[in-house]
Amino acid sequence: MAADRHVPLAVTSDLWWKNAIVYCLDVETFQDSDGDGVGDFRGLTERIDHLAGLGVSCLWLMPFFPTPDLDDGYDVTDYYGVDPRLGTLGDFVEFVRTARDRGLRVIADFIVNHTSDRHPWFQAARADRDSPYRDYYVWVDEPPEDGPTDLVFPGPETSMWRYDEEAGQHYLHRFYRHQPDLNAANPRVRQEIARAMGFWLELGLSGFRIDAVPYFVEELGASGETTDQDSHAYLRDMHAFVTRRRGDAVLVGEVNLPPDELRTYFGDDEGEKLDMLFDFVGNQALYLALVREDAGPLARALSTLPRIPDRNQWARFVRNHDELTLDKLSDEERQEVFVAFAPDEEMRIFGRGIRRRLPSMLGGDRERLELAYSLLFSLPGTPVLLYGEEIGMGDNLAARGRMSVRTPMQWTDERSGGFSTADPADLCVPTADGERGPEHVNVAAQEHDAESLLNWTTRIVRLRRETPEIGWGDPALVSVDDDAVLALRYEWRGRTVVCVHNFAGREARISLPDVGELVDVLAGRRTSPDLELEPYGYRWLREAG
Ligand code: BGC
Ligand code: MG
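This write-up is about the structure you can find in this document. (Residues numbered from 1 in each chain as written. Chains lettered and ligands numbered in written order. Predicted model: local features only at pLDDT ≥ 70, side-chain atom pairs only at ≥ 80, totals over all residues. Heavy atoms only, no water.)

Before going further, it helps to spend a moment on the environment of Leu201. Mapped onto the secondary structure, Leu201 falls in helix H6 (residues 187-202). Along the sequence, Leu201 and Gly388 sit 187 residues apart, while their C-alpha atoms lie 27 Å from each other. Not counting residues within four places of it along the chain, the set of residues in contact with Leu201 comprises Gly207, Phe208, Val242, Arg245, Arg246 and Ala249. (Helix = DSSP H or I, 4+ residues; strand = E, 2+ residues; numbered from the N terminus. Contact = heavy atoms within 4.5 Å.)

Printed below as a string of structure tokens:
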């Protein structure tokens with residue numbers, strides 16, 4: 001017997017991000033249409049049916065703006081353009097239109113914290129102290145002694161201040177030296193950013209992933225000055241602006257801070273700042289739990305998350321385009337994860353992270369991959385997939401820094417995985433190598449294999465969309481008598497869903513308390529609350545109505 005999954009649509013569609021499936025990709029590495037070795041909007045548009053078929057509902061594009069590309073596009077020289085290597089504004093609009101035709105929303109990375117040092121604003125700022133652009137950036141004669149000292153890129157950078165000959169002063173750069181921080185306290189900067197966001201909303205974007213939020217919100221302290229200004233007012237203003245321009249626009253924030261500092265980034269009352277925040281704390285705990293084969297670290301991390309207003313949501317991820325940062329773990333915990341998942345020094349980066357994708361870390365173990373991705377789709381929040389996760393694609397440690405996990409999408413077993421007809425030596429990023437390179441792992445082969453990870457992912461995406469209890473409901477940890485098992489219960493509108501995951505490579509027997517008759521929604525059959533879970537086994541269970 002299958003339980004009826006019907007949910008009144010009117011209830012769930014307004015705050016669409018509460019029950020969305022987000023898919024992050026970089027136009028540069030998705031599909032090259034003109035054989036120059038660089039992916040482009042036309043190529044991406046050609047591939048839209050792969051995304052529609054997978055069932056995701058929102059695409060998140062990594063930066064596609066004109067850039068010298070010294071930080072993979074996170075160094076912007078023009079907020080109103082498209083990197084000519086990726087196409088034209090016309091190609092962009094065609095793509096957004098085609099995506100909309102398939103029912104897909106599009107959001108984009110927006111880099112508010114800094115520009116490229118080649119941005120005309122910075123060029124004007126450094127050339128002339130009296131330029132109106134001077135104050136678009138943060139300048140000091142001498143770096144303050146009591147400013148923050150935590151470096152985002154330890155190794156490549158040794159300071160967050162850099163003396164500029166032409167300017168005769170030091171400028172602030174929280175990231176690379178070629179990424180001068182914008183002065184977020186300057187109202188003109190805020191207006192410029194708002195104007196650019198308005199432009200992209202007008203062209204069809206449904207919102208933005210806001211990069212590096214705490215860095216620009218806390219900028220004022222960094223320059224050594226003190227001010228009474230409420231720096232969070234910037235986030236409130238930004239939110240008010242984008243929702244005025246487009247009622248359903250969403251702001252997803254990159255805020256990697258301890259749990260007790262997160263709540264205020266959603267907003268102080270009704271969530272009127274960032275609509276969604278990535279759960280970095282839960283992400284890191286997930287890896288510790290996988291290594292220890294113990295659900296405890298993840299259960300504890302989830303219980304430290306603040307309760308959030310109804311309109312807000314967590315953005316849940318297993319891997320993103322950056323290193324897997326483990327900065328919130330203790331030194332010992334981080335070592336445990338390093339030893340298990342990044343045994344070689346070249347797999348690690350910045351002393352705090354891992355530059356591999358999950359299938360490599362798990363040695364391609366299908367059972368544990370399913371465990372991790374079932375968690376992605378059933379932990380509190382909206383799942384965010386990184387392109388290629390649906391097929392278990394690999395990485396390439398020979399690629400520079402974090403580019404190791406940003407290799408081209410793997411479509412076929414042909415040369416360069418069907419990504420580009422260019423000479424492989426001319427690709428913008430080399431393809432993944434080894435056992436999870438395109439010869440072994442690709443979309444075409446998996447489409448024809450009913451048991452493939454691609455088809456498994458497609459099924460679970462569909463199931464997740466049909467289980468709004470997870471997106472909307474209140475999660476509660478259910479205590480069960482096996483430490484390897486995480487059981488989460490969601491209540492929403494009189495409906496109950498319980499998701500159960502066994503982290504151990506051995507069987508687990510548990511008994512769920514206080515539940516009625518259950519339907520196993522993955523298997524489509526009734527089941528009792530006394531569960532026998534296989535090694536790394538998982539169940540999504542709905543109380544039969
Ligand atoms: C992005 C990184 C980028 C950095 C600087 C981060 O939020 O995820 O890839 O290097 O911001 O823009
Ligand atoms: Mg191209």
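Our next topic: the side chain of Ser131. Of note, Ser131 is situated in the loop between helix H5 (120-127) and strand E4 (139-140). Assessed through its relative accessible area of 11%, Ser131 is described here as buried. Those residues in contact with Ser131 that lie beyond four places of it in its chain are Ala124 and Ala125. (Buried < 20%, exposed > 50% of the residue type's maximum accessible area, 1.4 Å probe, protein only.)

Right, let's talk about the sheet that holds strand E20 (residues 525-527) for a bit. The sheet built from six strands is open, its strands ordered E15-E16-E17-E22-E19-E20 with antiparallel pairing. The open sheet has two edge strands, strand E15 (474-477) and E20, and neither has a second partner. With direction set aside, neighbouring strand axes in the sheet form an average angle of 30°. Sitting on the sheet, helix H12 (residues 296-304) touches E15 and strand E16 (485-492), and the angle it makes with E16 is about 30°. (Pairing = 2+ DSSP bridges. Axes fitted to C-alpha atoms, helices over the stretch in contact; angles between N-to-C directions.)

Where helix H11 (residues 280-292) contacts helix H13 (residues 331-341), the axes come no closer than 9 Å and their chain directions differ by 60°. Regarding H11 and H13, the two cross each other, and that crossing is left-handed. Residues Tyr287, Leu288, Leu290, Val291 and Arg292 of H11 form the contact with H13, whose participating residues are Glu333, Glu336, Val337, Ala340 and Phe341. Taken together, the residues of the contact of H11 with H13 break down into seven nonpolar, no polar and three charged. (Left-handed = near helix turned anticlockwise from the far one by under 90°. Nonpolar A, V, L, I, M, F, W, Y, C, P; charged D, E, K, R; others polar.)

Counting through the fold element by element, Thr77 comes out in the loop between strand E2 (58-61) and helix H4 (89-101). For the pair Thr77 and Pro380, spaced 303 residues apart in sequence, the C-alpha separation works out to 37 Å. Contacts of Thr77, omitting those with residues within four sequence positions, involve Pro66, Thr67, Pro68, Ser116, Arg118, His119 and Pro120.

Throughout the structure, instances matching the rule amount to 42 salt bridges. In this structure, the salt-bridge partner of Arg85 is Glu28, at a minimum N-O distance of 3.1 Å. Taken together, the residues span a long stretch of sequence, with Arg85 in the loop between E2 and H4 and Glu28 in the loop between strand E1 (22-25) and helix H2 (41-46) at a distance of 57 residues. Judged by its relative accessible area of 31%, Arg85 falls in the partly exposed class. (Salt bridge = Lys/Arg side-chain N within 4 Å of Asp/Glu carboxyl O.)

On to the coordination of the magnesium ion (ligand 2), then. Looking at the metal site, the magnesium ion (ligand 2) is ligated by Asp32 (OD), Asp34 (OD), Asp36 (OD), Val38 (O) and Asp40 (OD), spaced 2.2 to 2.3 Å from it. Within one chain, the residues serving as donors to the magnesium ion (ligand 2) are arranged as D-x1-D-x1-D-x1-V-x1-D. (Donors = N, O, S within 2.8 Å, 3.2 Å for Na, K, Ca; no water.)

Turning to the pairing of strand E3 (residues 105-110), a few remarks are in order. Counting buried positions along E3 yields five of six residues, so the element is predominantly enclosed. When E2 meets E3, the two strands line up parallel, connected through four bridges. Its bridge partner lying in E3, Leu59 is registered against Val106. The parallel pair E2 and E3, bridged by H4, forms a crossover whose chirality is right-handed. In the sheet, E3 pairs with strand E7 (residues 207-210) via three bridges, with the strands oriented parallel. Note on E7: the bridge partner recorded for Ala108 is Phe208. (Right-handed = clockwise from strand over helix to strand, strands pointing away.)

Right, let's talk about H5 for a bit. Here H5 has its buried residues at Trp121, Phe122, Ala125 and Arg126. Projection of H5 onto a plane perpendicular to its axis shows the buried side chains occupying an angular sector of 120°, all on one side. Buried residues along H5 sit in contact with E4, strand E5 (161-164), strand E6 (169-172) and H6. (Arc of directions from axis to C-beta.)

So, on to the nonpolar core. Grouped together as the largest cluster of nonpolar side chains are 148 residues, with contacts concentrated most on Tyr23, Phe110 and Ile210. With 14 residues, the next largest nonpolar core counts Ala487, Val498, Val515 and Leu533 among its residues. (Core = buried A, V, L, I, M, F, W, Y, C linked by side-chain atoms within 4.5 Å.)

If you check the shell around ligand 1, you find 13 residues, and the closest are Asp71, Asp211, Glu254, Asp322 and Arg402. In the model, an oxygen atom of ligand 1 is placed 2.4 Å from a nitrogen or oxygen of the Asp211 side chain. In the model, an oxygen atom of ligand 1 is placed 2.5 Å from a nitrogen or oxygen of the Asp322 side chain. Isolated, ligand 1 exposes 310 Å² of accessible area, and the fraction of that covered by the protein chains is 98%. Among the residues making up the shell around ligand 1, the classes are represented as four nonpolar, two polar and seven charged. (Near = heavy atom within 4 Å. Polar contact = N/O pair within 3.5 Å; in protein donor to acceptor, adjacent residues only side chain to side chain. Areas by Shrake-Rupley, 256 points an atom, 1.4 Å probe, with all protein chains shown as cover.)

The periodicity of an α-helix, 3.6 residues per turn, causes residues three or four places apart in sequence to face the same way. The end-to-end C-alpha distance of H6, which contains 16 residues, comes to 22 Å, matching closely the 22 Å that a straight helix rising 1.5 Å per residue would cover. All of the buried residues in H6 are Val189, Arg190, Glu192, Ile193, Ala194, Ala196, Met197, Gly198, Trp200 and Leu201. Looking at the buried positions of H6, the neighbouring elements they touch are H4, E3, H5, E7 and helix H9 (233-245). The N-cap residue of H6 is Asn186: its side-chain oxygen and the backbone nitrogen of Arg188 are 2.8 Å apart. (Expected span 1.5 Å × (residues − 1).)

Positionally, Pro513 belongs in the loop between strand E18 (508-511) and strand E19 (518-520). A residue is classified by how much of its surface remains accessible, and Pro513, at 35% relative accessible area, is partly exposed. The sequence separation of Pro513 and His232 amounts to 281 residues, and the corresponding C-alpha distance is 43 Å. Beyond its immediate chain neighbours, meaning those up to four positions away, Pro513 contacts Val478, Ser479 and Arg489.

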